[in-house]
Amino acid sequence: MPSGVIDRPTIVDNHDGTVSIRYEPREEGLHELHVKFNQEQVQGSPFRFHVDMLSSGYVTAYGPGLVHGVCGEPCNFTVTTKDAGAGGLSLSVEGPSKAEIGCTDNKDGTVSVSYLPTAPGEYKVGVKFADKHIKGSPFTTKVTGEGRKRSQISVGSSSEVSLKVKEADIRNLNASIHAPSGLEEPCFVKKLPNGHLGISFTPRETGEHSVSVKRQGKHIANSPFKIQVGDKEVGDSKKVKVSGSALRDGKTHVDNSFTIDTRNAGYGGLSLSIEGPSKADIQCKDNSDGTLSVSYKPTEPGYYIINLKFADHHVDGSPYTVKVSGEGSNRQTERIKKDREAVPITEVGSNCRLTFKLPGVSPFDLTACVSSPSGITDDAEITDIEEYLYAVNFVPKELGVHTVSVRYKDVHIPGSPFQFTVGPLRDFGAHKVHAGGSGLERGEVNQPNEFNIWTREAGAGSLSISVEGPSKAEIDFKDRKDGSCHVSYVLTEPGEYRVGIKFNDQHIPEIGRASCRERV
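Residues numbered from 1 in each chain as written. Predicted model: local features only at pLDDT ≥ 70, side-chain atom pairs only at ≥ 80, totals over all residues. Heavy atoms only, no water.

### Some thoughts on the overall build of the protein
Turning to step 1, where the next piece is worked out: Helix and strand counts for the protein come out as 0 helices and 49 strands.
Turning to step 2, where the next piece is worked out: A total of about 28,400 Å² of accessible surface is found on the protein, and carbon and sulfur atoms cover 48% of it. (Helix = DSSP H or I, 4+ residues; strand = E, 2+ residues; numbered from the N terminus. Areas by Shrake-Rupley, 256 points an atom, 1.4 Å probe, with all protein chains shown as cover.)

Quick look at the structure:
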């Protein structure tokens, strides 16, 4: 504290791999906060911040952007001018890189300020009112290197149930299951070895479930079927056993392995995420005996957080804190961030369009069809908008989620099949964002490597795209204003690259890793 007295803040475990630090200051002036983990200062520590009385009538500023930041990410703080009288507000940021400053008048006596540093180091943030520095200005902000990287996988185990009826052709069948609580979910239809029709689903509740199987929107014989789910079939995260030294410490550039045993845990989805100084290549092998062998390979040393969930709940001991040692690697990352607006609500009977860019194909080899929520499938028209940019056009007759399938020479194009909601969206978020294209799988040096992103079903939000690898990528972004966009990037060095796509700071499914080669 300014008087030299040492005080201790309150540390709160958030039970998700993070902690919150809370402190109620008792003195005005410059404070210094030391944060250590295993007797070592964490990145950016010690943090310095200035404390003032908000009711003093002076202009004051507060927020994390006056203390610390991460290069390539916005640093935010707030300026309070209430009851300060007349005068102009001026802002400045000086440091190792030029930082673009943005501010918003909140019309309540406060101003929200954001600046974007692009290089690590110490920055001086100046806040002046009526041409005079406010208390604490210029503030000293420590900006560290790139933020924490996150890798994740999801695997699932499902229950297989025979419906004790035979169907010769299952290609046009759709099935859904109703739980006792009223929740309805789609389930997979399959033909069992004995010739009977079966379904595969993940039990979430005990009790009697109802299974509807339809062809072209009509129930097949004996549908809906009744099945019973017992206690032992519903997933229980507390019964999952995890073992291996890689949950305590690991090494860079090698596979660090551990084992997951779900034999007594019932059926459920398993999700694993690893967050730390670098992305970690995750491999998962099903041993076909109720156990999984998992390995991860980080490229940078430091502390990593491993989150392991079964049936949407943390297993015992999760999240795990792992200290990774070893040599790092020199990789470059380029990022862009774009705001996405929600598209207008689509009505029954309106003209609907889904666009995609697919270089090097002929429109005569493309076909499309649309399946309605009731299971009726109709062919759709494909039109040529411009060079290699195509649109699927259809007129919906029902409200709900439609499935749009696009094929090139009878094979689904990257990203297909797509969801297309008619009427209000019922679900939002990163899990609804779709991406596809050759640029997510392979690339060529000094040539545009392209892919499409469809955010229509995710609603409004912020879309972030990153390319990480041996050379800096030049990223080009084109918004098609219909809930989809086209992205291309150019690389100067061959090697393995990672393409990251986030929506509202959450990774979307199927983020890619591309291998870039010299052009032959």
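On we go.
### Section: the environment of Val35
Turning to step 1, where the next piece is worked out: In this fold, Val35 is placed in the loop between β3 (29–33) and β4 (36–37).
Turning to step 2, where the next piece is worked out: Sequence separation between Val35 and Phe47 is 12 residues; the distance between their C-alpha atoms is 8.1 Å.

### Structural notes on the packing of aromatic side chains
For any two aromatic rings, the description comes down to two numbers: the centre-to-centre distance and the angle of the planes.
Turning to step 1, where the next piece is worked out: If you walk through the whole model with that rule in mind, you get 6 aromatic pairs.
Turning to step 2, where the next piece is worked out: With 5.8 Å between their ring centres and 40° between their planes, Phe356 and Tyr390 make a pair best called tilted. Of the two residues, Phe356 is situated in strand β34 (residues 352–357) and Tyr390 in strand β37 (residues 389–394); the sequence distance between them amounts to 34 residues.
Turning to step 3, where the next piece is worked out: Judged by relative accessible area, Phe356 falls into the buried class, the value being 1%.
Turning to step 4, where the next piece is worked out: For the cation-ring pair, Arg456 lies above Phe420, with the distance from its terminal atom to the ring centre recorded as 3.8 Å. (Phe/Tyr/Trp six-rings, centres within 6.5 Å; stacked < 30°, edge-to-face > 60°. Buried < 20%, exposed > 50% of the residue type's maximum accessible area, 1.4 Å probe, protein only. Lys NZ or Arg CZ within 6 Å of the ring centre and 35° of its normal.)

### With respect to the side chain of Thr355
Turning to step 1, where the next piece is worked out: Tracing the backbone shows Thr355 in strand β34.
Turning to step 2, where the next piece is worked out: We classify Thr355 as buried; its relative accessible area is 2%.
Turning to step 3, where the next piece is worked out: Within the structure, the side chain of Thr355 is placed 3.1 Å from the side chain of Arg480, a separation counted as a polar contact. (Polar contact = N/O pair within 3.5 Å; in protein donor to acceptor, adjacent residues only side chain to side chain.)

### Brief notes about the sheet that holds strand β9 (residues 75–80)
Turning to step 1, where the next piece is worked out: Read across the sheet, 4 strands follow the order β7-β9-β12-β11 without closing on themselves; strand pairing throughout is antiparallel. Strand pairing shows two members of the sheet lacking a second neighbour, β7 (60–62) and β11 (100–105), which therefore form its edges. In this sheet, adjacent strand axes meet at a mean angle of 25° when their direction is disregarded.
Turning to step 2, where the next piece is worked out: As paired elements, β11 and strand β12 (residues 110–116) share 6 bridges and run antiparallel to each other. Bridging across to β12, Cys103 finds its partner in Val113. (Pairing = 2+ DSSP bridges. Axes fitted to C-alpha atoms, helices over the stretch in contact; angles between N-to-C directions.)

### Some details on the sheet that holds strand β46 (residues 484–490)
Turning to step 1, where the next piece is worked out: Taken in spatial order, the 4 strands line up as β41-β43-β46-β45 in an open sheet, and their pairing is antiparallel. The open sheet terminates on both sides in strands that have one partner only, identified here as β41 (434–436) and β45 (474–479). Each neighbouring strand pair of the sheet contributes to a mean axis angle of 20°, computed without reference to strand direction.
Turning to step 2, where the next piece is worked out: Of the strand pairs in this sheet, strand β43 (residues 449–454) and β46 are connected by 6 bridges, and their pairing is antiparallel. By the bridge assignment, Glu450 is partnered in β46 with Ser488.

### Focus: the nonpolar core
Turning to step 1, where the next piece is worked out: Core analysis: the biggest nonpolar cluster contains 23 residues, and Phe451, Ile453, Leu463, Ile465, Tyr489 and Ile501 have the highest contact counts within it.
Turning to step 2, where the next piece is worked out: The element that contributes the greatest number of residues to this core is strand β47 (residues 495–503), accounting for 4 residues.
Turning to step 3, where the next piece is worked out: Counting 22 residues, the second-largest nonpolar core is a separate cluster that includes Ala265, Ala280, Val294 and Tyr296. (Core = buried A, V, L, I, M, F, W, Y, C linked by side-chain atoms within 4.5 Å.)

### As for the side chain of Ser484
Turning to step 1, where the next piece is worked out: Mapped onto the elements, Ser484 comes out in strand β46.
Turning to step 2, where the next piece is worked out: Among the polar contacts made by the side chain of Ser484, one reaches the side chain of Asp482 at a distance of 2.6 Å.
Turning to step 3, where the next piece is worked out: Setting aside chain neighbours within four positions, we find Ser484 in contact with Arg340, Thr355, Ile453, Trp454 and Asp479. (Contact = heavy atoms within 4.5 Å.)

### Considerations on the pairing of strand β23 (residues 225–229)
Turning to step 1, where the next piece is worked out: Residues of β23 alternate between two faces, with Phe225, Ile227 and Val229 buried on one and Lys226 and Gln228 left unburied on the opposite face.
Turning to step 2, where the next piece is worked out: Examined bridge by bridge, strand β21 (residues 207–215) and β23 share 5 bridges and lie antiparallel to one another. What sits directly across from Glu208, in β23, is Gln228.

### Examining the environment of Glu387
Turning to step 1, where the next piece is worked out: Among the secondary structure elements, Glu387 is positioned in the loop between β36 (377–386) and β37.
Turning to step 2, where the next piece is worked out: The exposed category is assigned to Glu387, whose relative accessible area is 62%.
Turning to step 3, where the next piece is worked out: Sequence separation between Glu387 and Pro359 is 28 residues, and the spatial gap between their C-alpha atoms is 8.0 Å.

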